[in-house]
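# Working through the structure, step by step
Below are the chains, spelled out letter by letter.
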Amino acid sequence: MFVDTHCHIDSYERHADESFDALLARLRGSSDDTNIACPEAFINVACDPADFEYARELSEKHPFVYAAYGIHPEYVLTETAEDEARMLEFLKHPKCVACGEFGLDYHYDLEHRAEQVKLFERHLELGIQSGKPLVLHLREADDDALSVLRNANLHNVNVHIHCFTGSPEFAEKLLALNANIFIGFTGIVTFKNAQNVRDAAALTPVTQMLLETDAPYMAPVPYRGKPCHSGYIPYIAQQLAQTKNVPVDEIYRHCRENTRACYGI
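What comes next is a walk through the structure.

### With respect to the packing of helix H4 (residues 81–90) against helix H5 (residues 113–130)
- For the pair H4 and H5, the least separation of the axes is 11 Å and the interaxial angle reads 25°. With respect to their mutual orientation, H4 and H5 come out roughly parallel. Crossing angle aside, the handedness with which H4 passes H5 is right-handed. Facing H4, whose interface residues are Glu84, Met87 and Leu88, H5 presents Arg122, His123 and Leu126.
- Here the residues of the contact of H4 with H5 are counted per class, giving 3 nonpolar, 1 polar and 2 charged.

Spelled out as structure tokens, the structure:
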């Protein structure tokens, strides 16, 4: 059994033009691809304040759907005090298992790095105060991310470094933080040009790995370029098993235990 520890169900519905209920029916039915399977549970991440309410509705409708609430760094110039207040209220919901995703993303926005860092520091403080696990989006901002994280009181805090895309050196420095660090791997680990991610996975202990899709983005090979969904997790697990040179059942077992340790589900 496995859990997709990070997906965006609302975005999947828009990108794939398919409802979540229809996707569930497909995943629970027969498929020509025996590598596609239905997760035991989903952590649906709402990182746009406009999506908070729908995430709550899905989590209340389906016992196997959990929610995380945060504000993505792409909203650094548009986030309002009301957005933040709503996030804090949604974090109190009984089906909420994490605060996030939030963090730094310099891939598209180098101009507002200082504003991003300031917002990251604030969200990190709020997330720690909430007592929830933290889901961090850290893209092409290694030095600033490490500086902020090293200055934060993360002792005994569960931290999911979501959709890892960095270097093995960055992974090592994250794993050395004084926190309960878990690194999430997506379909990127199967991409031909992502040897850096495979190298990072090779040095990440299996006791600190999480399986995630970030659906509907970055579907694994052989579905690259198509809308990603949570049923593709087996492709990610198989690549991680190959990279770690362990049986795939070991990847599933450890990642399931890690999900319980990080998120309590």
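### Some words on empty space enclosed by the protein
- Counted by the stated rule, this structure contains 2 cavities of 30 Å³ or more.
- Its boundaries defined by the atoms lining it, the largest cavity holds a volume of some 50 Å³.
- Taken together, Cys7, His8, Ile9, Tyr12, Phe20, Leu23, Phe42, Ala215, His229 and Ser230 form the lining of the largest cavity.
- Residue assignment for the lining of the largest cavity shows that the elements contributing at least two residues are helix H1 (9–16) and helix H2 (20–28).
- Residue composition of the lining of the largest cavity, grouped by class: 7 nonpolar, 3 polar and no charged.
- Taken as a whole, the second largest cavity spans an internal volume of roughly 40 Å³.

### Regarding the pairing of strand E1 (residues 3–7)
- With respect to burial, E1 is a largely interior element, 5 of its 5 residues being buried.
- Across 3 bridges, E1 lies against strand E2 (residues 41–46) in parallel orientation. Note that in E2 the partner of Val3 across the bridge is Ala41.

### As for the pattern of salt bridges
- Applying the stated criterion across every chain, the model contains 8 salt bridges.
- Ionic pairing is found between Glu40 and Arg256, a salt bridge with its closest N-O pair at 2.8 Å. In this pair, Glu40 sits in the loop between H2 and E2 while Arg256 sits in helix H10 (residues 248–263), placing the two residues 216 residues apart along the sequence.
- Each of the salt bridges in this network shares a partner with another, and the network as a whole consists of Glu53, Arg56 and Glu60.

### Some details on the pairing of strand E5 (residues 134–139)
- Among the 6 residues of E5, 5 are classified as buried, and the element is accordingly described as predominantly covered.
- Two strands pair when backbone bridges link them, and strand E4 (residues 96–105) and E5 are joined in this way by 6 bridges, in the parallel orientation. Note on E5: the bridge partner recorded for Gly100 is Val135.
- Once you follow E4 into H5 and on to E5, the crossover reads as right-handed.
- Both E5 and strand E6 (residues 158–161) contribute to a ladder of 3 bridges, which runs parallel. Paired with Leu134 across the bridge in E6 is Val159.
- As for the winding sense of the linkage, the β-α-β connection from E5 through helix H6 (residues 142–151) to E6 is right-handed.

### Section: the layout of surface pockets
- Quantified by volume, the largest pocket comes out at close to 650 Å³.
- Surrounding the largest pocket, 30 residues form its lining, His72, Glu74, Asp105, His137 and Arg139 being those nearest its centre.
- Broken down by secondary-structure element, the contributors of at least two residues to the lining of the largest pocket are H1, E2, E4 and E5.
- The element best represented in the lining of the largest pocket is E5, accounting for 3 residues.
- In the lining of the largest pocket, the residues fall into 13 nonpolar, 8 polar and 9 charged.

About the thresholds
The numbers attached to residues start from 1 for each chain and follow its sequence in the written order. Per-residue local features of the predicted model are confined to residues with pLDDT of at least 70, and side-chain atom pairs are confined, for both listing and counting, to 80 or more; whole-chain, interface and lining totals are unaffected and use all residues. As a rule here, side-chain values come from all non-hydrogen atoms in the structure, and water together with hydrogens is ignored. Fitted lines through C-alpha atoms give the axes, limited to the stretch in contact for helices. The angle between two N-to-C directions lies from 0 to 180 degrees. Helix and strand definitions follow DSSP, with helices as H or I runs of at least four residues and strands as E runs of at least two, each counted in order from the N terminus. Oblique is the label for any angle not covered by the other classes, which are roughly parallel (under 35 degrees), roughly antiparallel (over 145) and roughly perpendicular (65 to 115). Crossings are classed by handedness, with left-handed meaning an anticlockwise turn of the near helix from the far one by less than a right angle and right-handed meaning a clockwise turn. We call two residues in contact whenever any of their non-hydrogen atoms come within 4.5 Å of each other. The residue classification treats Ala, Val, Leu, Ile, Met, Phe, Trp, Tyr, Cys and Pro as nonpolar and Asp, Glu, Lys and Arg as charged. All others, Gly included, are polar. With a 1 Å grid laid over protein atoms only, a set of points is called a cavity when a 1.4 Å probe fits there but cannot get out and a pocket when it is open yet has protein on both sides within 12 Å along at least five of seven lines; lining residues have an atom within 4 Å of a point. Grid points are joined across faces, edges and corners, and a volume is the space filled by probe spheres set on the points. For every residue, the accessible area obtained with a 1.4 Å probe (protein chains only) is divided by the maximum for its type, and the residue is called buried under 20%, exposed over 50%, and partly exposed between those limits. Strands were regarded as paired on the criterion that DSSP finds at least two bridges between them. Salt bridges are defined by distance alone: a side-chain nitrogen of Lys or Arg within 4 Å of a carboxyl oxygen of Asp or Glu. When the strands point away from the viewer and the path from the first strand over the helix to the second turns clockwise, the crossover is right-handed.

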